[in-house]
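# Residue-level structure breakdown
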Amino acid sequence: MNIIFILAPLSILLGLAAVGAFVWSLRSGQYEDVAGSAARILIDDPRSDSPDEDGAGG
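Residues numbered from 1 in each chain as written. Predicted model: local features only at pLDDT ≥ 70, side-chain atom pairs only at ≥ 80, totals over all residues. Heavy atoms only, no water.

Before going further, it helps to spend a moment on helix α1 (residues 4–27). Taking 1.5 Å per residue, 24 residues should reach 34 Å; α1 reaches 34 Å between its end C-alpha atoms and fits that length. Looking one or two places after α1, you find G29, whose phi comes out positive at around 85°. (Helix = DSSP H or I, 4+ residues; strand = E, 2+ residues; numbered from the N terminus. Expected span 1.5 Å × (residues − 1).)

To continue, consider the pattern of salt bridges. In the structure shown here, the tally under the stated rule is one salt bridge. When the shortest N-O distance is used, the salt bridge between D33 and R40 registers 3.8 Å. Here R40 falls in the exposed class, since its relative accessible area comes to 51%. (Salt bridge = Lys/Arg side-chain N within 4 Å of Asp/Glu carboxyl O. Buried < 20%, exposed > 50% of the residue type's maximum accessible area, 1.4 Å probe, protein only.)

This paragraph deals with the side chain of S25. With respect to the element layout, S25 can be found in helix α1. Residue S25 is classed as buried on the basis of its relative accessible area of 9%.

Structure representation (structure tokens):
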């Protein structure tokens, strides 16, 4: 029964940390251009047809 006095505050602190991380990510602009990030994967990279940059070519 004494473990609840440790786990309850710990779970509240963990929840507050998660909310704080979410608020921080909102304020730092992590979700500003969601559509652009999703479309960026569809754009062909012009360097993909060239050999490796290190010259290994293999």
